[in-house]
Structure formats: structure tokens, C-alpha cells
Amino acid sequence: MAPKDDTARVSAAALKAYIARAFVAAGLPDGDAAVLGDLITEADLRGSDTHGVFRMPAYCKRIKAGGVKTRPDIRIVSERASTALVDGDNGMGHLVMKFAAETAIKKAKDTGVGWVGARMSNHAGPAALYAMMPLAHDMIGLYFAVGSNNHLPPWGGLESLLGTNPIAVAVPGQDEPPVVMDMAPTVTAYGKVRLKASRGEQMPVGWMIDKEGKPLTDPKRADEGHLLPIGDYKGYALSLMIALLAGSLNRAAVGRDIFDFNKHLDLATNTGQSIVAVSIDAFAPVAEFKRSVDAMTRTIRSSPRLPGVDRIWLPGEQSHTKRLDREKNGIPLPPSLKKGLDELAKELKIAPVI
């Protein structure tokens, strides 16, 4: 007999409303709370379960402790025709990056490309959220950020000086879904380690090693080890370059200036992020380019497969498929997650998610 599935499902509308209620109760303005509801729910719709509503208790703890401002003055502090530096004033990272993305899009409309960096930001959810924002404007989007904690040592080293610094690239198609790469330079994102711990599950061999270089599979011992980079030294190099472009260039925290934001709830993280918007028509007719993207997508999807492989997926295609399912059937809330959200609702004196 198959085990009973206790996973509840909640509509996107209900989840958005819950998130907005929670942030208003935490002290944010109604408009900002609604924006956060939209963006965090979008993360869950696309299957980024470790970067969506799962983070709500942690976000609210940091707000309560004074580690995140509820009414920040998000503003441009340095600007040229195609570039800008945004100071997020220690606001929620989602709000900072939405402002940065909108600024980049505006600049790309004027000049063909917009590169906007952000400092004094915070964790902003999945990278794809922001890389995809330019798509609606016939643009390509690129996003990269400094992780909110260091879990990766330099290749051959013992001190974690780099994070799971994410990079995302989104390219629009005509009739096919957009091609969206969203990845960390580590084998897994640290949020997935936390998710394993919350579910009482073990990690696969190859995610982490301990201080002696031996496999670490107990997520509750994650503080004793390091994440492994993709491609060995190549993943380390990629993480470093992202840190320099999204952190150092924006005068944000890197290296030893980064701390575990889940342990130091009252401190500003000074998280660095960057968003780039590129107008397609600066290089090619939009329709022609999109048709060529569709053609490449179909060529890859229909190419010969290895034995046992049912389908070749394009980057972002599985997230697109999950989104269609979750829009129709609801967003899954495993028992451990629902319990955490119910406890948060009780603490904030708001209605539960369902």
C-alpha cells in the first residue's frame, strides 16, 4: 500500500493573500506587502520551493529583530545612461530587485542595454524571478547575486569564503516557453540542505564534504562542512567572479564580511545583486530572433536520446511545466511547511494560509 500523502495544496491567490497579511502584520506597507506576495508566490508556482513561502518564518524573524527595514528608502545613488547603482536601504531584497529590474528595463529601452547593481539589499528569492522580468519587454535578462552566507571554500581551501552565488539568464521564445537558466555554482543550493533538514531526510553523497574532505550526508551537521562546487575548480571560479561583479563592484559585502543571516538576525547583510536587461532589437529583429530561439529549442528537444531517457528538457522548461500544474491544481504545502506557516500566522495574529 502506498504511503498516505498529507501534502495540502493552496491556490496562488490564497498564498499571495497570506504572504501579504503576514508582511503587513510585520510592519510593511500594504503596497510593498502585496508586491512581496506576488513575487514569493511566483517562486513557489515555478517550483522554487526552497526560495518561496518556505522562507517566510525566517524573513519575519529578521524583520522582528530589526535586521531588515520595513519602510526603506530604495533609491539610485549613482547613474549613467546605461548603468545605475541602487541602494536598497536594507529593505526586503525582492523590493530592491524589482526596483533595480525596472530601472534596467527603462535604460535598455533608451540605450539598448541596462546594467543595474544593488547594495544594502537582502535575500530576494530565486534568481529567475528577476532575469525573467525583461522578457515581457522583448529583452534578455541576466541576474547574479552574492549568496546570503558562505558555504564554499576556494578550490583546495578549508575556509568558506564564497557563497552559492546564483546566476540566471532568461531568453524569450516566440511560441515556445522562454529558455531560463537559474543555477548556483555549487552542486546544490543551501536552501535545499535546509529543506532536507526540515523534512528529516538525508542528503545525497556529493552535495557536501566535512572538514576532512569526507562525504557529509546529515543536513543537521551542515555547519560542520562545505558545499561542493560544480565542475570542481570551475564552480569555485564562477562563484568568485559573481561575487566580484555583484558584490565588490556594488560596494556590497563579500568574503569575510558575509555572515550567516539566519544566526545574526539583527544585522544588515549588505547583500549585493546585479540585473542586466538587453534589448533584442539592438542586435536583431525581435520576431526573427524569437523564431530562431524556438527552432533551437525544438532541435534540442527532438534530438536523439540516451537509452532510458524519456525527454530532453530545456533550461527552465520543468519550472514552466510545474507552473502550469500549480496554477491549475494549487501549490503543495508539505506538513512540515504548513505547520511552520500556521505557527507564524498564530505569532502574527493573522488568518492561516488555509
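**Student:** I keep staring at the confidence of the model for the chain and nothing clicks. Help me out?
**Tutor:** Keep in mind that low pLDDT regions are not for reading the predicted coordinates in detail. Of the residues in the chain, 99% have a pLDDT of 70 or more, and the chain-wide mean is 96. Looking at the elements of the chain, mean pLDDT is at its lowest for helix α6 (residues 190-199), recorded as 87, and at its highest for strand β3 (residues 83-87), recorded as 99.

**Student:** Even after reading the chapter, I still don't get the sheet that holds strand β4 (residues 113-121), so can you show me in this structure?
**Tutor:** Here 7 strands make up an open sheet; going across it, the order is β2-β3-β4-β13-β5-β8-β9 and the pairing mixed. In this open sheet, the two edge strands, each paired with only one partner strand, are β2 (75-79) and β9 (179-183). Each strand axis lies, on average, 15° off the axis of its neighbour in the sheet, ignoring direction. Relative to strand β13 (residues 271-279), strand β5 (residues 139-145) runs antiparallel, the two being bridged by 7 bridges. Across the sheet, the residue bridging to M139 is S279, located in β13.

**Student:** Could you clarify how one ought to interpret the packing of aromatic side chains in this entry?
**Tutor:** Aromatic ring pairs are reported here in terms of the distance separating the ring centres and the angle at which the planes meet. By the definition in use, this model includes 2 aromatic pairs. Measuring from ring centre to ring centre gives 5.6 Å for W115 and F144, while their planes differ by 70°; the resulting arrangement is edge-to-face. With W115 in strand β4 and F144 in strand β5, the pair connects residues that are 29 residues apart, well separated along the chain. Centroid distance Y130 to Y143: 5.4 Å. Interplanar angle 35°. Geometry classified as tilted.

**Student:** Would you mind showing me how to read the environment of H123 here?
**Tutor:** Within the fold, H123 resides in the loop between β4 and α5 (128-131). The buried category is assigned to H123, whose relative accessible area is 11%. A C-alpha to C-alpha distance of 21 Å links H123 and P153, two positions 30 residues apart in sequence. Every residue in contact with H123, bar those within four places of it in the chain, is listed here: H51, R55, Y59, G93, H94, S148, F261 and T271. Separated by 2.8 Å, the side chains of H123 and Y59 make a polar contact. In this structure the side chain of H123 is engaged in a polar contact, spanning 3.3 Å, whose partner is the backbone nitrogen of G125.

**Student:** In this structure, what is going on with helix α2 (residues 30-45)? I would like to understand it.
**Tutor:** Since the α-helix advances by 3.6 residues per turn, residues separated by three or four positions end up pointing in the same direction. When the terminal C-alpha atoms of α2 are compared, their 22 Å separation across 16 residues agrees well with the 22 Å that a helix rising 1.5 Å per residue should span. Of the residues making up α2, those classed as buried are A33, L36, G37, L39, I40, T41, E42, A43, D44 and L45. Packed against the buried residues of α2 are α1 (12-26), α3 (56-65), α4 (93-111), α5, α9 (317-329) and β14 (331-333). Taken from the residues just after α2, G47 is the one with a positive phi, measuring 90°.

**Student:** Explain the nonpolar core to me, please; I cannot follow it from the model alone.
**Tutor:** Nonpolar side chains tend to gather and get buried jointly when the protein is soluble and globular. Counting 60 residues, the largest nonpolar core has Y18, F23, V53, M56, M92, Y143 and I275 as the members making the most contacts within it. When residues of this core are assigned to their parent elements, the largest contribution, 8 residues, is made by α4. Ignoring anything within four residues of it in the chain, the contact list for V53 reads L15, Y18, I19, I40, D44, L333, L337 and L341. Membership of the second largest hydrophobic core comes to 15 residues, among which are V146, I242, I258 and V276.

**Student:** Any chance you could explain a nonpolar patch on the surface here in plain terms?
**Tutor:** Taken together, the side chains of W115, L245 and L249 present a nonpolar region at the surface, about 260 Å² in accessible area. The exposure class assigned to W115 is partly exposed, which follows from its relative accessible area of 30%.

**Student:** Would you mind going over the packing of α2 against α4 with me for this structure?
**Tutor:** Relative to each other, α2 and α4 sit at 85°, their axes nearing to 9 Å. Taken as axis vectors, α2 and α4 run roughly perpendicular relative to one another. In this structure, α2 uses D32, V35, L36, L39 and I40 to contact α4, whose residues at the interface are H94, L95 and K98. Of the residues that constitute the contact of α2 with α4, the class distribution is 5 nonpolar, 1 polar and 2 charged.

Calculation criteria
- Residues numbered from 1 in each chain as written.
- Predicted model: local features only at pLDDT ≥ 70, side-chain atom pairs only at ≥ 80, totals over all residues.
- Heavy atoms only, no water.
- pLDDT = per-residue confidence, 0-100.
- Helix = DSSP H or I, 4+ residues; strand = E, 2+ residues; numbered from the N terminus.
- Pairing = 2+ DSSP bridges.
- Axes fitted to C-alpha atoms, helices over the stretch in contact; angles between N-to-C directions.
- Phe/Tyr/Trp six-rings, centres within 6.5 Å; stacked < 30°, edge-to-face > 60°.
- Buried < 20%, exposed > 50% of the residue type's maximum accessible area, 1.4 Å probe, protein only.
- Contact = heavy atoms within 4.5 Å.
- Polar contact = N/O pair within 3.5 Å; in protein donor to acceptor, adjacent residues only side chain to side chain.
- Expected span 1.5 Å × (residues − 1).
- Core = buried A, V, L, I, M, F, W, Y, C linked by side-chain atoms within 4.5 Å.
- Patch = residues over 30% accessible without salt bridge, like charges linked within 9 Å, V, L, I, M, F, W, Y side chains within 5 Å.
- Areas by Shrake-Rupley, 256 points an atom, 1.4 Å probe, with all protein chains shown as cover.
- Salt bridge = Lys/Arg side-chain N within 4 Å of Asp/Glu carboxyl O.
- Parallel < 35°, antiparallel > 145°, perpendicular 65-115°, else oblique.
- Nonpolar A, V, L, I, M, F, W, Y, C, P; charged D, E, K, R; others polar.

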